[in-house]
Amino acid sequence: MNSREKIKVLYIDDEQNNLNGFKATFRFDYAILTAADAKQAYEHLKANPDICIVLCDQRMPDITGSKFFEEMRELYPEPVRMLITGYADIESVIEAVNRGHIFRYIKKPWTDTDIRSAIEEGYKFYVTVSLLAAKNKELQSAYDELGKFAYSVTHDLRGPLLSVIGALDLAKNLDNLSELRELLGMMDSAVKKLDEFIKNTHEYYNLKRGKIVYEEIDFAKIVNDTAALFRIAGRMDNIRFTSNVIQNEPFMSDEISIQIILNNLFSNAFKFQRRNADDKFVDINVEVINDNAVIIVKDNGIGIHESHISNIFTMFYRATSEEPGSGFGLYNVKDALSKLKGTIEVSSEINEGTTFKVVIPGKTNVTI
């Protein structure tokens, strides 16, 4: 909540005079909502998810305050609940406190100071619990990622290492040159898989720890430098590569994040080609217009099945087993775009190819 915003308070009482008096007294200090019964209260809670404090009179015709809070807690657990009650209802108050229905109670007749003190105290508790819930969510997310990472390390690092060890053991007893070459090819594939995993892991932690550094981006240079990493492999596999960059205006963004995006999109486009296709190609088009960079990377490779497209940006997810992969690359693309407030669209057909469209807003189009 913005520090300049008023604390939003819902007050429930079946006596209209009490509602009017409460709102008149505290409307300058807090954002006050009032309800004469449980139905109106639930309407306010549904329409105002930022309600922090709920005060309710214990004695109402349709439902007691403690019973209302018991039911409300199941549907709207976040707001802090406070019961307004007379001495005669103290047993109900004790039960409500013990069962966790309320944060505190306020005795009748209350004073303005009592209400203000209760609201301020309740709001501090609300903020503390909200921050704790957010931190717990972050911690759970980090724990889930750690579990996936531990599994991936076991699978993606140990697997290729065992392949190399096994090939070396076989090579010790081989004299046939063609068989040795075959084993060397197997070891080469395993080592490349290890290298890709290490590279993508490094990118992942750079993204998680790094801050955005805005600088002027020269897309022609970045595309050329990134493409240079794949041109040799492209020539060896007869992959035609074309690029087109249109940039007639300055563009400010984070160069490292853009490099990670292009590197992984290029890597996928070159890697997932149809091996026996006659005219394999990878095309990239970049246009900077109205302080937005539109990047389109297109290939005519193996494609992605429709059922996999919604999952390809998930960590460690592999849409195919035809080529080795870490399952990190497109996750890193999505993570980098999230930092840059960018978007990505995917269209693909099996054995026809895949097109990725990325839109990155420049610094002036981003709310920092």
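Up top is the structure these notes are about.
Right, let's walk through the structure included here. Nothing here was measured: the structure is a model prediction, and the numbers come from that model.

## Some details on the sheet that holds strand S12 (residues 353–361)
Then step 1. One open sheet holds the five strands; their spatial order is S7-S9-S10-S12-S11, and the pairing between them is mixed. The strands lining the two open edges of the sheet, one partner per strand, are strand S7 (239–247) and strand S11 (343–349). Each strand of the sheet is rotated relative to its neighbour by a mean of 10 degrees, with strand direction disregarded.
Then step 2. Strand direction decides the pairing type here: strand S9 (residues 280–289) and strand S10 (residues 292–299), joined by eight bridges, are antiparallel. Its bridge partner being in S10, Val286 is matched across the sheet by Ile295.
Then step 3. Helix-sheet contacts for helix H8 (residues 255–271) involve S7, S9, S10, S11 and S12, and the interaxial angle to S10 is about 15 degrees.
Then step 4. Packing of helix H10 (residues 329–340) onto the sheet brings it into contact with S11 and S12, and relative to S12 it is tilted by some 25 degrees.

## Some thoughts on the packing of helix H2 (residues 38–47) against helix H3 (residues 65–75)
Then step 1. Viewed as axis vectors pointing N to C, H2 and H3 meet at an angle of 25 degrees, and their least axial separation amounts to 12 Å. When the axis of H2 is compared with that of H3, the two are roughly parallel. For H2 against H3, the interelement crossing comes out right-handed. Residues Ala38, Ala41, Tyr42 and Leu45 of H2 form the contact with H3, whose own contacting residues are Phe68, Glu71, Met72 and Leu75.
Then step 2. For the contact of H2 with H3, the per-class residue count stands at seven nonpolar, no polar and one charged.

## Considerations on the side chain of Lys280
Then step 1. Mapping Lys280 onto the fold places it in strand S9.
Then step 2. The buried charged residue Lys280 lacks any salt bridge partner; its closest oppositely charged side chain belongs to Asp237, at an N-O distance of 5.4 Å.
Then step 3. Of the polar contacts made by the side chain of Lys280, one reaches the backbone oxygen of Asp237; its length is 2.7 Å.
Then step 4. The contacts of Lys280, once residues within four sequence positions are left out, are Asp237, Asn238, Ile239, Arg240, Gln273, Arg274, Arg275 and Asn300.

## Examining the pairing of strand S3 (residues 53–57)
Then step 1. Most of S3 is tucked away: five of the five residues are buried.
Then step 2. Of the two faces of S3, the one carrying Ile53, Leu55 and Asp57 and the one carrying Val54 and Cys56 are both buried.
Then step 3. Handedness of the crossover joining S3 and strand S4 (residues 80–85) through H3: right-handed.

## Brief notes about the packing of H8 against H10
Then step 1. Here H8 crosses H10 at 150 degrees, and the two axes come no closer than 9 Å. With respect to H10, the axis of H8 lies roughly antiparallel. In terms of crossing hand, the pair formed by H8 and H10 is left-handed. Along the contact surface, H8 presents Ser257, Ile258, Ile260, Ile261, Asn264, Leu265 and Asn268, while H10 presents Gly329, Leu330, Asn332, Val333, Ala336, Leu337 and Leu340.
Then step 2. When the residues that make up the contact of H8 with H10 are grouped by side-chain class, the tally is nine nonpolar, five polar and no charged.

## Focus on the pairing of S10
Then step 1. Alternating residues of S10 divide into Ala293, Ile295, Val297 and Asp299, all buried, and Asn292, Val294, Ile296 and Lys298, none buried.
Then step 2. Following S9, the chain reverses through two residues before pairing antiparallel with S10; Asn290 in that reversal takes a positive phi of roughly 55 degrees.
Then step 3. In terms of strand pairing, S10 meets S12 through eight bridges, oriented antiparallel. Looking at the pairing, Ala293 lines up with Ile360 of S12.

What counts as what
- Residues numbered from 1 in each chain as written.
- Predicted model: local features only at pLDDT ≥ 70, side-chain atom pairs only at ≥ 80, totals over all residues.
- Heavy atoms only, no water.
- Pairing = 2+ DSSP bridges.
- Helix = DSSP H or I, 4+ residues; strand = E, 2+ residues; numbered from the N terminus.
- Axes fitted to C-alpha atoms, helices over the stretch in contact; angles between N-to-C directions.
- Contact = heavy atoms within 4.5 Å.
- Parallel < 35°, antiparallel > 145°, perpendicular 65-115°, else oblique.
- Left-handed = near helix turned anticlockwise from the far one by under 90°.
- Nonpolar A, V, L, I, M, F, W, Y, C, P; charged D, E, K, R; others polar.
- Buried < 20%, exposed > 50% of the residue type's maximum accessible area, 1.4 Å probe, protein only.
- Lys, Arg positive; Asp, Glu negative; His and termini not counted.
- Salt bridge = Lys/Arg side-chain N within 4 Å of Asp/Glu carboxyl O.
- Polar contact = N/O pair within 3.5 Å; in protein donor to acceptor, adjacent residues only side chain to side chain.
- Right-handed = clockwise from strand over helix to strand, strands pointing away.

Coordinates in, geometry out; function isn't part of it.
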